[in-house]
Amino acid sequence: MKLIYCLASTCNPGGMEKIVIQKANWFAENGHDVTIATTEQKKRDDYFKLDSRIKRIDLDINYSDAIGSNLVKRFFYRRRKIKEHR
């Protein structure tokens, strides 16, 4: 079976990241084809250990780069990023 998990990043010590990586590792150990796609990884290391058989893709979308900008700028930035993501 082929599986793909889509996350913002895997560099945080949060519960969602931990559970997804545990599940991905289990599936990879049991012969499944697993890929993890991220949008905000920014070349940072994974917080939890990933099985070497898991493929990693960083889409490098980085929605969070507009945080702190004014509302109009954030609106157009996010709109452009959504098009990239598609």
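Above this note sits the structure.
Cut-offs used in this document
- Residues numbered from 1 in each chain as written.
- Predicted model: local features only at pLDDT ≥ 70, side-chain atom pairs only at ≥ 80, totals over all residues.
- Heavy atoms only, no water.
- Phe/Tyr/Trp six-rings, centres within 6.5 Å; stacked < 30°, edge-to-face > 60°.
- Pairing = 2+ DSSP bridges.
- Helix = DSSP H or I, 4+ residues; strand = E, 2+ residues; numbered from the N terminus.
- Axes fitted to C-alpha atoms, helices over the stretch in contact; angles between N-to-C directions.

## Overview of the packing of aromatic side chains
In step 1: Within this structure, the stated rule accounts for two aromatic pairs.
In step 2: For the ring pair Trp26 and Phe27, a centre distance of 5.2 Å and an interplane angle of 80 degrees mean the geometry is edge-to-face.
In step 3: Judged by centre distance (4.9 Å) and plane angle (75 degrees), the rings of Tyr47 and Phe48 are edge-to-face.

## So, the sheet that holds strand E3 (residues 55-58)
In step 1: In spatial order, the strands read E1-E2-E3; together these three strands make up an open sheet with parallel pairing. If you trace the sheet from one side to the other, it starts and ends with strand E1 (2-7) and E3, each paired once. The mean inter-strand angle of the sheet, taken between neighbouring strand axes irrespective of direction, is 20 degrees.
In step 2: Bridge count for strand E2 (residues 33-38) against E3 is four bridges, and the pairing is parallel.

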